[in-house]
Amino acid sequence: MQLQYKFSSGEISTDFEVNIKGDTNNTVELRLKAIKHILKSFDIKNDFNGDHEKLNQVIEETLLAAVDVIGYEHFYWDNLPKEEKYYNDHDELVVSKAGKLQLLELIMKDMKNK
């Protein structure tokens, strides 16, 4: 099975294309394998010139992006106080880093209890 996604975002200055190919009909499994592969492929020496702070920043952004998958489904609207969120000029919900970290902490607590 081949999956192909085209992304265009205001956060990214240019369009880019991601192709994922695999031997499964389970698209979730295929995308998860691709995500894990990309994360494991980061090389501190070659990708970040040995700068651990840059690597930490990439991992932090990745974690917060993963949290957003759950947060924007329900958590941010239902559980965060108004001080932690607002709507921008495009009527999109914007959540503070503190709000995202609150959800990440809950996810980690839940993982520890399983």
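What you see is a predicted model, and the numbers here were worked out from it, not measured in a lab. (Residues numbered from 1 in each chain as written. Predicted model: local features only at pLDDT ≥ 70, side-chain atom pairs only at ≥ 80, totals over all residues. Heavy atoms only, no water.)

**What to know about the confidence of the model for the chain**
Here is step 1: Across the chain, the average pLDDT comes to 86, with 85% of residues at 70 or higher.
Here is step 2: Averaged pLDDT values over the elements of the chain bottom out at 55 in strand S1 (residues 2-7) and peak at 96 in helix H4 (residues 97-112). (pLDDT = per-residue confidence, 0-100. Helix = DSSP H or I, 4+ residues; strand = E, 2+ residues; numbered from the N terminus.)

**Observations concerning unusual backbone geometry**
Here is step 1: For Asn49, which is not a glycine, the phi torsion comes out positive at approximately 50°.
Here is step 2: Mapped onto the elements of the fold, Asn49 is located in the loop between helix H2 (44-48) and helix H3 (52-79).
Here is step 3: In this structure Asn49 comes out as exposed when scored by relative accessible area, which is 68%.
Here is step 4: If you check the backbone angles, Asp91 has positive phi at about 60° while not being a glycine.
Here is step 5: When you line up the elements, Asp91 lands in the loop between strand S3 (85-87) and strand S4 (93-95). (Buried < 20%, exposed > 50% of the residue type's maximum accessible area, 1.4 Å probe, protein only.)

**Brief notes about the side chain of Asp68**
Here is step 1: Considering the arrangement of structural elements, one finds Asp68 in helix H3.
Here is step 2: Given a relative accessible area of 16%, Asp68 falls into the buried group.
Here is step 3: Not counting the four nearest positions on each side in its chain, Asp68 is found in contact with Tyr76 and Lys100. (Contact = heavy atoms within 4.5 Å.)

**Overview of the pattern of salt bridges**
Here is step 1: Applying the stated rule across the entire model yields four salt bridges.
Here is step 2: Lys33 serves as the salt-bridge partner of Glu29, at 3.4 Å between the closest nitrogen and oxygen. With Glu29 and Lys33 both in helix H1 (residues 27-41) and four residues apart, this pair spans about one turn of that helix.
Here is step 3: On the basis of relative accessibility, which here comes to 34%, the residue Glu29 falls in the partly exposed class.
Here is step 4: Across the salt bridge formed by Lys97 and Glu60, the nearest N and O atoms sit 2.6 Å from each other. One end of the pair, Lys97, is in helix H4; the other, Glu60, is in helix H3, and 37 residues separate them in sequence. (Salt bridge = Lys/Arg side-chain N within 4 Å of Asp/Glu carboxyl O.)

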